[in-house]
Amino acid sequence: MMTMCPSCFELYADIWSKPCCKCSDKTITVSVELIRATQLLLSRGFKVSAATCETDKDSCSNYVTRIDIYFEELYPDSMFSELPPDWEICDYYHVVDGGQALERPATVLTCICVHPDDVTGSGDSIAFDRLITITNFESWLEEKDPDACKSLIVLAGCV
């Protein structure tokens, strides 16, 4: 894991907990695999609060990769139309106390990739699956005009 300044994209080690040295902006947590995707989202005006990519074993001994990109705002689903395969848009709440949501919902983009045990003979196969999934998302983002995205965000009232 790394932390990244959302303004200048300066990267810091995971233990960095101070504001960015150049911009004084609060840094966000980003998995190494999602640095470029996060930069593409930020450059299109989206307010990303974290981006994580983790692979673990499930109860059936399959490896499962979960990718989550958390936003600070609740964006209309239409802004994420025609997402690449396996990607979904959901809502989440920043803070939950005793089952009560204390803040307004925000958007999260999520992707779950199951790597069956009988197919994944090595970690190379899992790494390749993750690379393909993230690259598909980055390609989808590259097709989105940054200025048009920023305009749609303003029109949707998400600033």
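The structure this text deals with has already been given above.
In this convention, every chain numbers its residues from 1, walking through the sequence in written order. The model is predicted, so local features are restricted to residues of pLDDT at least 70 and side-chain atom pairs to those at 80 or more, both for listing and for counting; the totals for chains, interfaces and linings are taken over all residues. Excluded from the side-chain calculation are hydrogens and water; included are all heavy atoms of the structure.

> Got a sec to walk through the pairing of strand β4 (residues 48–57)? Specific residues and values, please.
Pairing between two strands requires that DSSP report at least two bridges joining them. Helix and strand labels come from DSSP, where a helix needs a run of H or I of at least four residues and a strand needs a run of E of at least two; each type is numbered from the N terminus. Of the pairings in the sheet, the one linking strand β3 (residues 28–30) to β4 comprises two bridges and is parallel in character. Bridged to Val30 within β4 is Ala51. A right-handed crossover is one whose linking path, passing over the helix from the first strand to the second, runs clockwise when the strands point away from the viewer. Handedness of the crossover is the feature at issue here: the chain leaves β3, passes through helix α1 (residues 35–43), returns alongside β4, and the resulting connection is left-handed. Of the pairings in the sheet, the one linking β4 to strand β5 (residues 63–71) comprises nine bridges and is antiparallel in character. Note that in β5 the partner of Asp56 across the bridge is Val64.

> Which residues make up the side chain of Ser31, and what values do they have?
Inspection of the secondary structure puts Ser31 in the loop between β3 and α1. You can call Ser31 buried: its relative accessible area is 2%. Side-chain polar atoms of Ser31 contact the backbone nitrogen of Cys53, separated by 2.8 Å. We call two residues in contact whenever any of their non-hydrogen atoms come within 4.5 Å of each other. With sequence-adjacent residues up to four places away left out, Ser31 is seen in contact with Met1, Ala51, Thr52 and Cys53. Throughout this description, buried means an accessible area under 20% of the type-specific maximum (1.4 Å probe, protein chains only), exposed means over 50%, and partly exposed covers the range between. We call two N or O atoms a polar contact when they sit within 3.5 Å, provided that within protein one can donate a hydrogen and the other can accept it, with sequence-adjacent residues counted only if both atoms are side-chain atoms.

> An account of the sheet that holds strand β6 (residues 87–93) is requested, with residue identities and associated values reported.
The strand order across the open sheet built from seven strands is β2-β1-β3-β4-β5-β9-β6, with neighbouring strands paired in mixed fashion. A single partner strand is all that each edge strand has here, and the edge strands are β2 (11–13) and β6. The average angle at which neighbouring strand axes cross in this sheet is 30°, direction not considered. Along the sheet, α1 contacts β1 (2–4), β2, β3, β4 and β5; its crossing angle with β1, the most-contacted strand, is approximately 20°. Note on definitions: angles span 0 to 180 degrees between N-to-C directions of axes, and those axes are lines fitted to C-alpha atoms, for helices only across the stretch in contact.

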